[in-house]
Amino acid sequence: MHGMLRSIRLLMISLFVLSAGAEGLYAGIHRAPIIIPAKKLKDIADYPVKNYRLYKTDAQGVATAIPFQIDEVNKIGDYVMPDGPTPNAKTGDGVFSEADELSFMGDDVGEVMRPVTWPENRAPESVYELKLTPPSSRDAAKDGVREGAVYIAVFNQNAPAISDQKYVVFSLASGEVVTSRYRYRFDKKNYLVVNGVDMIPPSKEKTVTATPAANVPLIESSTFYAKADLKYFLTVQVNHRSVNSKLEAFKTGPVRTIVRVTFFYTFLKLNFEVGMYTEVSFFSNSVILPAIIYNPLDGIKSLNKGSGFYYGFALTESPKKYQFETNMRPYQELMDSEANLFSFLKKDVPVEKDYWASLIGEDRMMYIMLKPSATMLQDRSVPYYFVSEKNGADLKSRDNNLMKPIIESPVNFGLYFDLTRFREGEHFMSFQLFFENKKDYKILDVFKNLDKWRARLTKVSGTP
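What counts and how
- Here the residue numbering is sequential within each chain, running from 1 through the sequence in written order.
- For a predicted model such as this one, the threshold for reporting local features is a pLDDT of at least 70, and the threshold for listing and counting side-chain atom pairs is 80 or more; totals across whole chains, interfaces and linings nevertheless cover every residue.
- To obtain the side-chain values, all non-hydrogen atoms of the structure were included, while hydrogens and water were left out.
- Strands here are runs of E lasting at least two residues and helices are runs of H or I lasting at least four, both read from the DSSP assignment and numbered beginning at the N terminus.
- Categorising residues by exposure relies on relative accessible area from a 1.4 Å probe, with only protein chains included: less than 20% of the type maximum marks a residue as buried, more than 50% marks it as exposed, and the intermediate range marks it as partly exposed.
- Any pair of residues with heavy atoms lying within 4.5 Å of one another is described as a contacting pair.
- Put simply, buried Ala, Val, Leu, Ile, Met, Phe, Trp, Tyr and Cys residues joined by side-chain atoms within 4.5 Å make one nonpolar core.
- The salt bridge criterion pairs a side-chain nitrogen of Lys or Arg with a carboxyl oxygen of Asp or Glu, the two atoms within 4 Å.
- A pair of strands is treated as paired once DSSP finds two or more bridges between them.
- Geometry is summarised by axes, namely lines fitted to C-alpha atoms with helices restricted to the contacting stretch, and by angles between N-to-C directions that run from 0 to 180 degrees.
- Any pair of Phe, Tyr and Trp rings, taking the six-membered ring for Trp, is counted once the centres come within 6.5 Å. Such a pair is stacked with planes under 30 degrees apart, edge-to-face with planes over 60 apart, and tilted for the rest.
- In this description, the arc belongs to the directions extending from the helix axis to the C-beta atoms.
- Any N or O atom pair separated by 3.5 Å or less is treated as a polar contact, with the protein-specific requirement of one donor-capable and one acceptor-capable atom, and with residues adjacent in sequence counted only for side-chain atom pairs.

**Student:** Quick question: what am I supposed to make of the overall build of the chain here?
**Tutor:** The number of helices and strands found in the chain is seven helices and 28 strands. When the 464 residues of the chain are sorted by exposure, 53% land in the buried category. Across the chain, the fraction of contacts at a sequence separation of at least 24, relative to all contacts at a separation of at least 6, is 74%.

Structure below.
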């Protein structure tokens with residue numbers, strides 16, 4: 001089953017945020033999930049998973065249990081998942097160590113105040129303070145964003161009950177992830193594309209239930225397409241219908257659902273296992289999509305101009321209703337350059353370390369962040385953006401199963417890569433997509449600086 005793609009390991013990443021608004025910045029530290037591997041928490045690692053609990057405190061030091069999750073990662077780099085057609089629960093050892101991950105929500109982070117009062121007066125044997133600090137304390141204080149902390153407790157025996165809050169519910173039968181903030185409907189033939197994403201309005205946001213509240217449609221569908229025009233008179237095209245996926249295993253907890261899918265390539269009605277798989281993570285306000293792309297061809301040597309790959313969405317509302325800003329170049333500029341016989345005389349635009357785009361509406365925001373690998377940047381294999389003024393309803397007449405270039409597909413917002421700059425092999429790329437159901441530039445600024453937050457672990461001496 002194991003193939004070319006390895007599982008995604010990101011310290012602090014969020015690809016798709018559907019939050020309750022600015023209140024989260026003050027109730028916690030930010031609206032994104034926080035994911036920290038055990039190797040970053042060596043002082044508190046190596047206890048049985050069942051012995052850990054997480055708490056936040058108020059200004060008086062009163063500790064309150066918060067939802068958290070520990071996900072084990074086995075020796076070959078896969079998440080340990082107990083459910084689904086091909087579970088691998090036996091590959092875990094039940095100990096929080098090495099690449100295992102602790103995750104919790106940024107808006108559950110409390111005061112930097114060591115616990116004085118514990119629930120039911122049950123003090124743990126060991127307590128560690130995990131302090132989370134914004135990139136610039138001076139600027140953060142000015143903008144109302146502050147330092148926070150959670151307290152990691154270890155009970156040697158008879159650990160108290162875990163918080164009963166659940167932020168994520170996964171239904172294998174319906175192919176849906178329902179959280180306290182959005183509903184994500186899988187395309188069961190390919191788990192990397194969607195049949196719809198709806199946002200739960202701020203007034204209806206609450207701990208998740210099996211029946212979601214009245215939702216706001218955000219995305220009608222998504223698709224991807226690749227065209228490889230080889231220099232030897234052969235052109236290969238694939239989309240989300242020719243590369244399908246099958247769910248292998250999953251794990252769902254109070255904070256996070258992880259789904260592992262394996263890919264198959266359909267040719268002449270025959271299915272061939274591609275030999276790759278990936279794991280998709282769902283949090284209450286985020287979806288982490290694959291961050292590794294495998295390219296079987298050396299595009300620099302083997303492909304003609306016009307070879308490319310895109311992943312696009314049919315947003316329910318037209319992108320023209322948003323204030324749009326980006327440091328990416330437009331797709332049309334690339335096409336004009338390829339059509340210009342003298343384009344080789346132009347100097348390449350300098351590459352950026354990060355590529356971003358923001359769409360800001362009256363009652364919501366969308367922010368995208370991509371971080372190409374060093375190899376991709378060296379080869380100037382960077383994303384271009386595509387925007388169409390059509391809305392989701394206008395795009396429904398276009399068949400989402402057909403292989404079409406991006407300008408003819410049911411997509412009004414997409415990201416495009418020139419495959420002639422893609423070398424053969426694996427390419428690591430962080431892809432983050434954020435949604436907010438309130439217009440607030442301060443929240444947007446926090447998302448832009450998530451990778452600059454600092455985490456520091458300190459043992460709390462002398463528990464009461």
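**Student:** Is there a simple way to explain the nonpolar core in this structure?
**Tutor:** Soluble globular proteins tend to bury their nonpolar side chains together. Core analysis: the largest hydrophobic core is formed by 60 residues, its most contacted members being Tyr-184, Phe-186, Ile-219, Val-259, Phe-282 and Leu-370. Contact partners of Phe-282, with chain neighbours within four places excluded, come to Val-168, Val-177, Tyr-182, Tyr-184, Phe-186, Val-255, Arg-256, Thr-257, Val-259 and Val-287.

**Student:** Would you explain the pattern of salt bridges in this entry?
**Tutor:** A pair can form between side chains of opposite charge whenever their charged atoms are brought close. Using the criterion set out here, one finds 15 salt bridges in the structure. Residues Asp-198 and Arg-183 are paired through a salt bridge, measuring 2.9 Å at the closest nitrogen-oxygen approach. Here Asp-198, found in strand β12 (residues 190–199), pairs with Arg-183, found in strand β11 (residues 182–187); they are 15 residues apart in sequence, far enough to count as distant. For the salt bridge of Glu-333 with Arg-329, the shortest nitrogen-to-oxygen distance reads 2.9 Å. Judged by relative accessible area, which is 32%, Glu-333 ranks as partly exposed.

**Student:** Would you mind going over the sheet that holds strand β5 (residues 69–71) with me for this structure?
**Tutor:** Strand pairs in the sheet, formed through backbone hydrogen bonds, run parallel or antiparallel to each other. In space, the three strands of this open sheet follow the order β2-β6-β5, with antiparallel pairing throughout. Each having just a single partner strand, β2 (33–37) and β5 make up the two edges of the open sheet. Ignoring strand direction, the axes of neighbouring strands in this sheet form an average angle of 25 degrees.

**Student:** I tried to follow the sheet that holds strand β8 (residues 148–154) on my own but got confused; where do I start?
**Tutor:** Sheet architecture is open: five strands sit in the order β4-β3-β8-β7-β28, paired in antiparallel fashion. Two strands lie at the open edges of the sheet, namely β4 (63–65) and β28 (454–459), each paired on one side alone. Each strand of the sheet is rotated relative to its neighbour by a mean of 30 degrees, with strand direction disregarded. Two elements, strand β3 (residues 52–57) and β8, share four bridges in a ladder whose sense is antiparallel. Bridge pairing links Tyr-55 to Tyr-151 in β8.

**Student:** What is the right way to look at the packing of aromatic side chains in this model?
**Tutor:** Geometrically, a pair of aromatic rings is defined through the distance of the ring centres and the angle of the planes. In the structure shown here, the tally under the stated rule is 20 aromatic pairs. Ring centres 5.2 Å apart and planes at 70 degrees place the aromatic pair Tyr-184 and Phe-186 in the edge-to-face group. For the pair formed by Tyr-184 and Phe-186, the shared burial category is buried. A centroid spacing of 6.0 Å and a plane angle of 90 degrees characterise the contact between Tyr-331 and Phe-386, whose relative ring orientation is edge-to-face. On the criterion of sequence distance, the pair formed by Tyr-331 in helix α4 (residues 331–339) and Phe-386 in strand β25 (residues 384–387) is long-range, its members being 55 residues apart. Taken together, Phe-170, Tyr-184, Phe-186, Tyr-191, Phe-250 and Phe-282 form an aromatic cluster joined through their ring pairs.

**Student:** Looking at this model, I keep getting lost on unusual backbone geometry. Mind explaining?
**Tutor:** Among all residues except glycine, the phi angle is most often negative; among peptide bonds, the trans geometry is most common. In this model, Glu-98 sits at a positive phi of 55 degrees, which is unusual for a non-glycine residue. As for its position among the elements, Glu-98 is in the loop between β5 and β6 (101–105). Backbone geometry places Glu-120, a non-glycine residue, at a positive phi of 60 degrees. Position of Glu-120 relative to the elements: it lies in the loop between β6 and β7 (126–133).

**Student:** Sorry, what's going on with helix α7 (residues 441–448) here?
**Tutor:** Owing to its 3.6 residues per turn, the α-helix aligns residues three or four sequence positions apart on the same side. Buried residues of α7: Ile-443, Leu-444, Val-446 and Phe-447, and no others. The buried residues of α7 all sit within an arc of 155 degrees when viewed along its axis, so they share a single face. Of the residues that open α7, the one with a side-chain oxygen 2.9 Å from the backbone nitrogen of Lys-442 is Asp-440.

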